[in-house]
Amino acid sequence: MTSSSTIPFLVIIFSFLSPIDITLAVRNSRHVTCGTVLKLQNVDYNVRLHSHDVKYGTGSGQQSVTATELQEDVNSHWAVKAATGKHCERGEPVKCGDTIRLHHSVTNKNLHSHHFQSPLSGNQEISAYGDEHGQGDTGDHWVLICSGDSWLRSNPVRFQHKDTNMYLGVSGRTFGRPINGQMEVVGVPNPYSGTEWVAAEGLFIHPTEKDSGPRVHTEL
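Just so we're clear, the structure is a prediction, and the values are computed from it rather than from any experiment.

**Looking at unusual backbone geometry**
Part 1 of the argument: For the bond from arginine 177 to proline 178, the omega torsion is 5°, close enough to zero to count as cis.
Part 2 of the argument: Inspection of the secondary structure assignment puts proline 178 in the loop between strand 10 (167-174) and strand 11 (183-188).
Part 3 of the argument: Phi angles above zero are rare outside glycine, and asparagine 108 is one such case at about 65°.
Part 4 of the argument: Along the chain, asparagine 108 turns up in the loop between strand 5 (99-104) and strand 6 (109-117).
Part 5 of the argument: What makes asparagine 108 partly exposed here is its relative accessible area of 25%.
Part 6 of the argument: Its identity is not glycine, yet asparagine 165 carries a phi of approximately 70°, on the positive side.
Part 7 of the argument: Mapped onto the fold, asparagine 165 is located in the loop between strand 9 (158-161) and strand 10.
Part 8 of the argument: Asparagine 165 gets classed as partly exposed once you look at its relative accessible area, which sits at 47%.

**Some points on the state of the cysteines**
Part 1 of the argument: The final tally for this structure, using the stated rule, is two disulfides.
Part 2 of the argument: There is a disulfide in this structure between cysteine 34 and cysteine 88, and the S-S distance comes to 1.7 Å. For the disulfide bridge between cysteine 34 and cysteine 88, the dihedral angle about the S-S bond is near 45°, and by the sign convention the bridge is right-handed. Residue cysteine 34 is found in the loop between helix 1 (7-28) and strand 1 (37-42), and its partner cysteine 88 is found in the loop between strand 4 (78-82) and strand 5; the two are separated by 54 residues along the sequence.
Part 3 of the argument: The exposure class assigned to cysteine 88 is partly exposed, which follows from its relative accessible area of 25%.
Part 4 of the argument: Across the disulfide from cysteine 96 sits cysteine 146; the S-S distance is 1.9 Å. Looking along the S-S bond of the cysteine 96-cysteine 146 disulfide, the torsion reads about -115°, which is the left-handed sense. One end of the pair, cysteine 96, is in the loop between strand 4 and strand 5; the other, cysteine 146, is in the loop between strand 8 (142-145) and strand 9, and 50 residues separate them in sequence.

**Re the nonpolar core**
Part 1 of the argument: Formed by 30 residues in total, the largest nonpolar core has its most connected members in Leu49, Val65, Leu111, Trp151, Phe159 and Leu168.
Part 2 of the argument: If one sorts the elements of this core by residue count, strand 12 (residues 197-204) sits on top with three residues.
Part 3 of the argument: Ignoring any residue separated from it by four or fewer positions in sequence, one finds phenylalanine 159 in contact with Leu40, Ile100, Leu102, Trp142, Val143, Leu144, Trp151, Met166, Tyr167, Leu168 and Trp197.

**Quick look at the confidence of the model for the protein chain**
Part 1 of the argument: Across the protein chain, the average pLDDT comes to 86, with 81% of residues at 70 or higher.
Part 2 of the argument: Contacts of residues 1-27 to residues separated by more than four positions or lying in other chains number three contacts, the stretch itself having pLDDT below 50.

**Quick word on the environment of isoleucine 205**
Part 1 of the argument: Checked against the element boundaries, isoleucine 205 lands in the loop between strand 12 and strand 13 (217-218).
Part 2 of the argument: The exposure class of isoleucine 205 is buried, given its relative accessible area of 4%.

The rules we used
Residues numbered from 1 in each chain as written. Predicted model: local features only at pLDDT ≥ 70, side-chain atom pairs only at ≥ 80, totals over all residues. Heavy atoms only, no water. Helix = DSSP H or I, 4+ residues; strand = E, 2+ residues; numbered from the N terminus. Buried < 20%, exposed > 50% of the residue type's maximum accessible area, 1.4 Å probe, protein only. Disulfide = S-S within 2.5 Å. Core = buried A, V, L, I, M, F, W, Y, C linked by side-chain atoms within 4.5 Å. Contact = heavy atoms within 4.5 Å. pLDDT = per-residue confidence, 0-100.

Right under this line is the structure:
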């Protein structure tokens, strides 16, 4: 048992350690890292990037990508991965200027774009693409545009399509059936309205945990 005389001493020690531990935990949870599974919330329209096994009736005919107001929908989960043929260390912070893929967790396809028109606004179509193994092509590559050194969860970022230079955005137009109420996601040439995204809920892998097993910070 601990004697009564040592209790004040232990309290003093923990009073110093706790703020350090809390500060470290906060610092480690600030970054979006490779392997993170997250939802991306559009800053201007307050909707989350979304996909589902519904194909476009026009354009490419590929799996549609939309944006939804629903916070809890599992079809809004995207995994942050390296470009095709590249490797990023699990838990490594994603740096501004990196080329990444956003992999749709439910349907195993990648966020994709190409020279097709979007169905509602006539901007560039955004789709989800890939084979049964989740492999696509260079149309799955997005350059992370952000300020500073790396992607911070609290900071808005933009995604610029590597092949076409278009920015991932929301047009503000809304679909009817069968995806009634969901907004059109598009590629646009200028990084203005509707092109900023922020990390919302997710399964965030801390940089310090990349070599120590599956510990994560979860806000699903």
